[in-house]
Amino acid sequence: MNEARIDKWLWAARIFKTRSIAVDAIKNGRVTIGGMNVKPSRPIKVGEVVSVKKPPITYSFRVLQAIEQRVGAKLVPEIYENVTDPKQYELLEMSRISGFIDRSRGMGRPTKKERRALDSFNDDALMFGFDDDEDWDEEIE
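All of the points below concern the structure found in this document. Only a predicted model underlies this, so the values are computations on that prediction, with no experimental measurement involved.

Analysis parameters
The numbers attached to residues start from 1 for each chain and follow its sequence in the written order. Per-residue local features are limited, in this predicted model, to residues with pLDDT of at least 70; the limit for side-chain atom pairs, both in listing and counting, is 80 or more; totals at the level of whole chains, interfaces and linings are taken over all residues. Side-chain metrics in this entry use all non-hydrogen atoms of the structure; hydrogen atoms and water are not considered. Secondary structure is summarised from DSSP: a helix means a run of H or I of at least four residues, a strand means a run of E of at least two, and numbering begins at the N terminus for each. Three exposure classes are used, based on accessible area relative to the maximum for each residue type with a 1.4 Å probe and protein chains only: buried under 20%, partly exposed in between, and exposed over 50%. Areas reported as accessible are Shrake-Rupley estimates using a 1.4 Å probe. Residue values count occlusion only from the protein chains shown. Whenever two N or O atoms come within 3.5 Å, that pair is a polar contact, provided that in protein one can donate a hydrogen and the other can accept it, and provided that, for residues adjacent in sequence, both atoms are side-chain atoms. When DSSP finds two or more bridges between a pair of strands, those strands are recorded as paired.

**Quick notes on the overall build of the protein chain**
Here is step 1: Counting its regular elements, the protein chain contains 6 helices and 7 strands.
Here is step 2: Counting every position in the protein chain, which comprises 141 residues, the buried fraction comes to 26%.
Here is step 3: When the accessible surface of the protein chain is totalled, it reaches about 10,400 Å², and 54% of it is carbon and sulfur.

See below:
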């Protein structure tokens, strides 16, 4: 077999987990061949380079075998060659690092230090009786 549908190939080569995810990516313009957007039914040939945008980077794969049946992970090197530009991997590493640096304070889970401060505050509040509902009822009457 020297031709296969692009959506089936992306799934069979384990680039996408399901075929429907592959079809969605193709329809949303995240999969290109030679810089051109394609349709899910487009046949792919051996030797073509497929670009797949998975933010924040764009992966590039050279087709070594046009298959439509999913293969085991060990056989993936026989299906395609990863020809992604090394600069894309640098971009990925930078986004990973900056994800922690650019996190605005108060967003996401608290750090260990922040959690200890919260626990300490809660313990102090319980110790001074801020949690007693009875005191509040007496002051209102």
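**Structural notes on the side chain of Thr 84**
Here is step 1: Here Thr 84 is to be found in the loop between strand S7 (80-82) and helix H4 (86-101).
Here is step 2: By relative accessible area, which is 9% here, Thr 84 ends up buried.
Here is step 3: At 2.9 Å, the side chain of Thr 84 forms a polar contact with the backbone nitrogen of Ser 60.
Here is step 4: Of the polar contacts made by the side chain of Thr 84, one reaches the side chain of Asn 82; its length is 2.5 Å.

**Here's the deal with the sheet that holds strand S2 (residues 31-33)**
Strand pairing in a sheet is mediated by backbone hydrogen bonds. Such pairs are either parallel or antiparallel.
Here is step 1: Judged by pairing direction, the sheet is antiparallel, and its 5 strands sit side by side in the order S3-S2-S5-S6-S7 without closing on themselves. Strand pairing shows two members of the sheet lacking a second neighbour, strand S3 (36-37) and S7, which therefore form its edges.
Here is step 2: Across 6 bridges, the pairing between strand S5 (residues 49-54) and strand S6 (residues 57-63) is antiparallel. Each bridged residue has a counterpart across the sheet, and for Val 50 the counterpart in S6 is Phe 61.

**Regarding the pairing of S6**
Here is step 1: Counting the residues in the hairpin turn of S5 and S6 gives 2 residues.
Here is step 2: Strand direction decides the pairing type here: S6 and S7, joined by 3 bridges, are antiparallel. Counted as the bridge partner of Phe 61 is Asn 82 from S7.

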